[in-house]
Amino acid sequence: MSDAADIIAAAKPGFRPKIGMILGSGLGPMAEDVKQATVIDYRDLPGFPQPSVEGHAGRLLLGEIGGTPVAVLQGRAHFYEHGRADAMKVPVRTLRAIGCDDVILTNAAGGLDPAMQPGSVMMITDHINLVQSSPLFDESGNSRFVDMVGAYDSGLRERARDAARATGVTLHEGVYVWFSGPQFETPAEVRFARLIGGTAVGMSTVPEVILARQAGVKVAGFSIITNLGAGMGDAPLSHEQTMTMAASAAGALRRLLNHMIADWYA
Ligand code: HPA
């Protein structure tokens, strides 16, 4: 049986994406920005997950954004679906195998800084793996000892700041704290996340960063802040609220990313 990279190569012969992207909750519509898209369902890609979460489509799009060849994963699998941190191992490694040097990871998150209101966009500068799980638990050999210093690439962060200025998007920056979910945090957990230096809390992305860094892929990460952390605001937390808020705030991040990607090789 062919592996996912072979199937992708056969679906779009000669196509070599430079940038991979994983679209989180609410950012799915960004797939519409991919031109000349060839679409492959995760079902047809061995080792790709079947997303079980509303708002995660489960499709790979191969095409161009602003002339830059991209591979866009519309939908991810999360640790909380099966308790496995390696749910995105095959997709992330496939992005590397088909040519991606850089990956842009996006998610929805709860904000820990009251100055960062719902609807804000935050660039991830570092993370705290509070779950203390890893997609590399079953591996052997030395490549599992991944250096996580500078995991969120400083050159890509600079590009993102430039794109934010050019598009007029206010770009916050901060540390993403990974909670397993699927339940939201308790107010005490949110106070703890603030104390240890967190700026946002969320249920994804961290395993993908570890996999990308192991594969030698540079990472940029962005959160759409859909709510204040548990106990910090009055609004009750729910997935519906996350999706609604992410969708309404996605426009700004979409503008920023389209600009950043189009300029990539300019
Ligand atoms: N916590 C964890 N994940 C989230 C949140 C939150 O408050 N909001 C959106 N995703």
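Refer to the preceding data block for the structure.
What comes next concerns the included structure.

Conventions and cut-offs
Residue numbering note: each chain is counted from 1, following its sequence as written. Local features in a predicted model are, by the rule used here, given only for residues with pLDDT of at least 70; side-chain atom pairs are given and counted only at 80 or more, and totals for whole chains, interfaces and linings are based on all residues. As a rule here, side-chain values cover all heavy atoms of the structure and leave hydrogens and water aside. Note on terminology: near, applied to a residue and a molecule or strand, indicates that one of the residue's heavy atoms is within 4 Å of it. Pairs of N or O atoms within 3.5 Å make up the polar contacts considered here, provided that, within protein, one atom can donate a hydrogen while the other can accept it, and that residues adjacent in sequence are counted only when both atoms are side-chain atoms. Surface exposure here means Shrake-Rupley accessible area, sampled with a 1.4 Å probe, where a residue is shielded only by the protein chains that are shown. Helix and strand assignments come from DSSP, with helices taken as H or I runs of at least 4 residues and strands as E runs of at least 2, each series counted from the N terminus. Residues are sorted three ways: Asp, Glu, Lys and Arg are charged, Ala, Val, Leu, Ile, Met, Phe, Trp, Tyr, Cys and Pro are nonpolar, and all the rest, Gly among them, are polar. Between rings of Phe, Tyr and Trp, where Trp is taken as its six-membered ring, a pair exists when centres lie within 6.5 Å; planes separated by under 30 degrees are stacked, by over 60 edge-to-face, and by other angles tilted. Each residue is placed in one exposure class: buried if its accessible area under a 1.4 Å probe, protein chains only, is under 20% of its type's maximum, exposed if it is over 50%, and partly exposed if it falls in between. Residue types Ala, Val, Leu, Ile, Met, Phe, Trp, Tyr and Cys, when buried and joined through side-chain atoms within 4.5 Å, form a set referred to as a nonpolar core. Residues count as neighbours in contact if any of their non-hydrogen atoms are within 4.5 Å of one another. Simply put, an axis is a line fit to the C-alpha atoms, just over the touching stretch for a helix, and the angle between two N-to-C directions goes from 0 to 180 degrees. Handedness of each helix crossing follows the sense of rotation of the near helix against the far helix: counterclockwise by less than a right angle gives left-handed, clockwise gives right-handed. When a carboxyl oxygen of Asp or Glu lies within 4 Å of a side-chain nitrogen of Lys or Arg, that pair is called a salt bridge. Here a cavity is any set of points on a 1 Å grid over the protein atoms alone where a 1.4 Å probe fits but cannot get out, and a pocket is any open set with protein on both sides within 12 Å along at least 5 of 7 lines; a residue lines the site when it has an atom within 4 Å of a point. Grid points are joined across faces, edges and corners, and a volume is the space filled by probe spheres set on the points.

**As for the site of the ligand**
Turning to step 1, where the next piece is worked out: Around the ligand lies a shell formed by A108, A109, G110, F184, E185, V201, G202, M203, T226, N227 and T242.
Turning to step 2, where the next piece is worked out: Within the side chain of N227, one N or O atom sits 2.7 Å away from a nitrogen atom of the ligand.
Turning to step 3, where the next piece is worked out: For the ligand, the protein covers 96% of the area, taking 260 Å² as the surface of the free molecule.
Turning to step 4, where the next piece is worked out: When residues in the shell around the ligand are grouped by element, the largest group, three residues, is from strand β5 (residues 102-111).
Turning to step 5, where the next piece is worked out: Residue classes in the shell around the ligand are distributed as five nonpolar, five polar and one charged.

**Brief notes about the packing of aromatic side chains**
Between two aromatic rings, the relevant description is the distance of the centres plus the angle of the planes.
Turning to step 1, where the next piece is worked out: Going through the model one piece at a time under the given rule, you end up with two aromatic pairs.
Turning to step 2, where the next piece is worked out: The interplanar angle of 65 degrees and the centroid separation of 5.3 Å between the aromatic rings of Y42 and F48 together place this pair among those described as edge-to-face.
Turning to step 3, where the next piece is worked out: Of the residues examined, F48 reaches a relative accessible area of 8% and is grouped as buried.
Turning to step 4, where the next piece is worked out: Plain terms: the ring middles of F79 and W178 are 5.5 Å apart, the flat faces sit at 85 degrees to each other, and that makes the pair edge-to-face. One end of the pair, F79, is in helix α2 (residues 79-82); the other, W178, is in strand β7 (residues 171-178), with 99 residues separating them in the sequence. Pair check on accessibility: F79 and W178 agree, each one buried.

**Observations concerning the nonpolar core**
Turning to step 1, where the next piece is worked out: Ranked by internal contacts, the top residues of the largest apolar core, which has 40 residues, are L60 and L73.
Turning to step 2, where the next piece is worked out: Top contributing element to this core by residue count: helix α6 (residues 206-214), with five residues.
Turning to step 3, where the next piece is worked out: If we ignore the near neighbours within four places in the chain, the residues touching L60 are I8, T38, V39, I40, Y42, L45, A71, V72 and L73.
Turning to step 4, where the next piece is worked out: Ranked by size, the runner-up nonpolar core spans 31 residues in total, among them M30, V72, L256 and L257.

**Structural notes on the packing of helix α3 (residues 89-97) against α6**
Turning to step 1, where the next piece is worked out: Put simply, α3 and α6 touch, their axes get as near as 9 Å, and they point 35 degrees apart. Classified by chirality, the crossing of α6 by α3 is right-handed. Residues K89, V92 and R93 of α3 form the contact with α6, whose own contacting residues are E208, L211, A212 and Q214.
Turning to step 2, where the next piece is worked out: Its residues placed into classes, the contact of α3 with α6 shows three nonpolar, one polar and three charged.

**Digging into the pattern of salt bridges**
Turning to step 1, where the next piece is worked out: Throughout the structure, instances matching the rule amount to 11 salt bridges.
Turning to step 2, where the next piece is worked out: In this structure, the salt-bridge partner of R93 is E139, at a minimum N-O distance of 2.8 Å. Here E139 lies in the loop between β6 (121-128) and α4 (154-167) and R93 lies in helix α3, a separation of 46 residues in the sequence.
Turning to step 3, where the next piece is worked out: Its salt-bridge partner being R161, residue E173 comes within 2.6 Å of it at the nearest N-O pair. In this pair, E173 sits in strand β7 while R161 sits in helix α4, placing the two residues 12 residues apart along the sequence.
Turning to step 4, where the next piece is worked out: Exposure remark for E173: the relative accessible area of 32% places this residue in the partly exposed category.
Turning to step 5, where the next piece is worked out: Through salt bridges that share partners, E32, D33 and R254 make up one connected network.

**Remarks on the environment of M245**
Turning to step 1, where the next piece is worked out: With respect to the helices, strands and loops of the structure, M245 is situated in helix α7 (residues 239-262).
Turning to step 2, where the next piece is worked out: With relative accessibility at 21%, the residue M245 sits in the partly exposed group.
Turning to step 3, where the next piece is worked out: In this structure M245 touches P118, G119 and T226, once residues within four positions along its chain are discounted.

**Quick notes on the environment of H78**
Turning to step 1, where the next piece is worked out: Along the chain, the position of H78 falls in the loop between β4 (68-74) and α2.
Turning to step 2, where the next piece is worked out: Sequence separation between H78 and Q36 is 42 residues; the distance between their C-alpha atoms is 29 Å.

**Notes on the layout of surface pockets**
Turning to step 1, where the next piece is worked out: Roughly 350 Å³ of volume is contained in the largest pocket.
Turning to step 2, where the next piece is worked out: Along its surface, the largest pocket is lined by 24 residues, and A108, F184, M203, H239 and T242 are the ones closest to its centre.
Turning to step 3, where the next piece is worked out: If you list the elements that add at least two residues to the lining of the largest pocket, you get β5, β8 (200-202), β9 (218-228) and α7.
Turning to step 4, where the next piece is worked out: Top element by residues in the lining of the largest pocket is β5. It accounts for four residues.
Turning to step 5, where the next piece is worked out: Taken together, the residues of the lining of the largest pocket sort by class into 10 nonpolar, 12 polar and two charged.

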